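Fold and contact review
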Amino acid sequence: MSNFRWTERIDPFAVLAFTVPLTIYLLTLAPSVTFFDSGEFLTAIFSLGTAHSPGYPLFVNYAKPFTYLPFGSIAFRVNFATAVSAAAACYGVYLIVCHLLAGEELAANTRQSEIYKKIIALCAATSFAFSARLWLQSNHDKPYPLIAFLSAMVFYLLLLWRDRYRQGEEHSAYIYLGAFLCGLAFGAHQTIVLLLPSYAFLILSMNWRLIWRIKEFILALFFGVLGFAVHLHLPVRAMQNPLLNWGDSKTLTQFLWNLLRRGYPSEKPVRDLSLLWDQINAFNIPYEFTWVGLVLVLIGVFAFLKKRRDEILAYLIGILFFLLVIAGYFNTPLEMIFLTEEFFTPLYLLSAVIIGLGLFALVQNTLALIPSQIVSTLPVKTAVTLFLLAFPATVCALHYVENDQHENYIAYDYASNTLRSLPQGAILFTWGDSGAFPLWYLQGVEKMREDLDLPHTPHLVFNWYLDTFPQLFRHSMLRSIPLESQAPENALQLVIVEQYDRRPVFVDFSTRYSIEFPDYRLLQRGICYQLIRGKGEELYPDLTVWDNYILRGISGEMFFRDLDTGKAILIYANSHLESGETLLRMRQLGQGVAELRAAERIAPQMQMQVAQILSGYGIR
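Scope of this entry: the structure provided in the associated data block. Per chain, residue numbering runs from 1 following the sequence as it is written. Given that the model is predicted, a residue must reach a pLDDT of at least 70 before its local features are reported, and side-chain atom pairs must reach 80 or more before they are shown or counted; all residues, however, enter totals for whole chains, interfaces and linings. With hydrogens and water set aside, each side-chain value is computed from the structure's full complement of heavy atoms.

Within 6.5 Å between ring centres, the rings of Phe, Tyr and Trp (the latter by its six-membered ring) count as paired, and their orientation is classed by plane angle as stacked under 30 degrees, edge-to-face over 60, tilted in between. Considering all chains together, one arrives at 38 aromatic pairs under this definition. Note on Phe201 and Trp208: the rings are 6.4 Å apart at their centroids and 65 degrees apart in plane angle, and the pair reads as edge-to-face. With a 1.4 Å probe rolled over the protein chains alone, any residue whose accessible area is under 20% of its type maximum counts as buried; one over 50% counts as exposed, and the rest are partly exposed. On the basis of relative accessibility, which here comes to 54%, the residue Trp208 falls in the exposed class. Their ring planes at 50 degrees and their centres at 5.8 Å tell us that Tyr500 and Tyr520 sit as a pair that is tilted. Placement of Tyr500 in the loop between α25 (488-499) and β2 (505-508) and of Tyr520 in strand β3 (residues 520-525) is noted, with a sequence separation of 20 residues between them. Each helix is a run of DSSP H or I of at least 4 residues and each strand a run of E of at least 2, with the numbering of both proceeding from the N terminus.

What follows covers the nonpolar core. We define the nonpolar core as a collection of buried residues of types Ala, Val, Leu, Ile, Met, Phe, Trp, Tyr and Cys that are connected through side-chain atoms lying within 4.5 Å of one another. Grouped together as the largest cluster of nonpolar side chains are 202 residues, with contacts concentrated most on Val93, Ile96, Phe128 and Leu349. Counting residues per element, this core draws most heavily on helix α5 (residues 74-100), which supplies 17 residues. When checking whether two residues touch, look at their non-hydrogen atoms; a contact exists if any pair is within 4.5 Å. Setting aside residues no more than four positions away along its own chain, Leu349 makes contact with Ala89, Val93, Ile96, Phe128, Ala148 and Ala152.

With that settled, consider the pairing of strand β4 (residues 528-533). Whether two strands pair comes down to DSSP finding at least two bridges between them. In terms of strand pairing, β2 meets β4 through 3 bridges, oriented antiparallel. Pairing of Asp508 across the sheet is with Cys528, part of β4.

What follows deals with the environment of Thr34. Within the secondary structure, Thr34 sits in the loop between α2 (12-27) and α3 (38-46). Under the relative-accessibility criterion, Thr34 is labelled buried at 5%. In this structure Thr34 touches Gly39, His140, Gln405, Asn408, Ala411 and Pro438, once residues within four positions along its chain are discounted.

Here we come to empty space enclosed by the protein. Residues are called lining when one of their atoms sits within 4 Å of a cavity or pocket point, these points coming from a 1 Å grid over the protein atoms alone, where a cavity is a set in which a 1.4 Å probe fits but cannot get out and a pocket is an open set with protein on both sides within 12 Å along at least five of seven lines. Grid points are joined across faces, edges and corners, and a volume is the space filled by probe spheres set on the points. Evaluation of the coordinates by the stated rule reveals 1 cavity of 30 Å³ or more. The computed volume of the largest cavity comes to approximately 50 Å³. Lining the largest cavity we find Leu100, Phe155, Glu311, Tyr315, Leu350, Val353 and Ile354. For the lining of the largest cavity, the secondary structure elements donating two or more residues are α16 (309-329) and α18 (345-368). The greatest single-element share of the lining of the largest cavity, amounting to 3 residues, is contributed by α18.

We now examine the state of the cysteines. Any two cysteine sulfur atoms within 2.5 Å of one another count as a disulfide. This structure, assessed with the given rule, holds 0 disulfides. Between Cys396, a free cysteine, and Cys90, which holds the nearest cysteine sulfur, the sulfur-to-sulfur gap is 12 Å. The exposure class assigned to Cys396 is buried, which follows from its relative accessible area of 14%.

This part takes up the pairing of β2. Of the two faces of β2, the one carrying Val505 and Val507 and the one carrying Phe506 and Asp508 are both buried. As judged from the 3 bridges shared by strand β1 (residues 427-429) and β2, these two strands associate in the parallel manner. Bridged to Phe429 within β2 is Val507.

Structure (structure tokens):
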């Protein structure tokens, strides 16, 4: 009997709010490492180390237990962890919508009204699940779904506190727990700070005299600091020299360097109205939820502005502070704005909540036009349910293909192909993060090609990075010069001179086209280049490495394409193109044409370029 009562208490719609998103995420989950920060996060999580500034200690510790799951690669397990956090964030939407709609009525029949409200909350949750941004973040290792979940929990706790306060009860524990979660969330992403004004408004709007509650304020601050203590992970783990120890936070100076993100460029562009609009447009509700979603947000805001004034204003305050800081203060260059789009995930969660309110208002006003005697009939119930489900289903259909990564091996193959290009004991210098980070994962986590050294050129000007290669840089000239005044390319040239007589020296494609090597010739080996000292005749490209490459998903059979996935495909094509042009100059016409045709097959948009090259040699 007790088991029966326990099952009766389960809300099936709440279960669906978590399991439906999780199921879809698992269907579209990336099977391995992807580009951008993926390889770096995976390496940090696997080794319980520190990722790029500010370190992301909560995300690292959250995902680490998933690496012990008995299925899939380490990358797949961490991607699964991200999917779970994203599904939990969707459940947070469900909780908040249900709470805000408590006491609202849609039909004379109370049970029917409750079911409608739960369906509406489920639709809001799944609409958030299928939004372009969260879906993209959910199917590979990202900290943003975790920060979205925590921000939803804090919002929900404050709603519970407000209810108790209205009843004349002091339940400060809700605020203390919320403060703890805010401090903890800082270890997932620092954007939680931008929601603090909204949270403070939800508290003070109940009674502005609460601002003078010094004792409670100090206690809330204490619990916030207690949550923030997750950042002790940085110095504690730095003492253990983990595989990835970004910033090496053993000292207070390095801890603050990491926490305050001092390793990133601080130059800001001159802003005009066009750039400002692009910066603001990084927060784009129509793109995430369609224009219908934006209309539903507006309906929700206006319909509940009186009944739920404080909650609506808290949402608008959140938008204001996010835009003031991310678009205003950051003043991000045009080419980097796509990175700031990730920061708005907590706002999209709250937008999904408001969409739920909009759906409720729309259904409420529609049912009011229908004669009361037929509102409870099966056809009307079915029509209302289908109407509600149509919105998340449409959002899902629009975004499914572009977020389906279940066959995305491009980053894994690109990194493994890079490793296949290198002889035993070589050193490869990388330039771009997406070229380097998957290599860190393959070598550090999957233990591929541990005979190689893979230094990342932009990091050669940091002592903490040189410390991660004790054998390579212990006696390097870099140790005796002021690194803060050095450009990475100058540091690279110095290390090349030191290493050249000891081992084969290679650079990747991005380095080859980012830095000039006037004292060296380049021997192309697929997508890598060996430096050969001295000047002389052009070197014959090594074509044999292409036979060892694995090229899954580059010919259009996989629809998912992000910026660096597209770049990787173009690197393959351009490498064939370069080999082809070199061979044509050497009068190796057959092989040259074959290389150009290979470039054409990989990137059909190069057909015109290939035709122009061939026509220059009288070949059609």
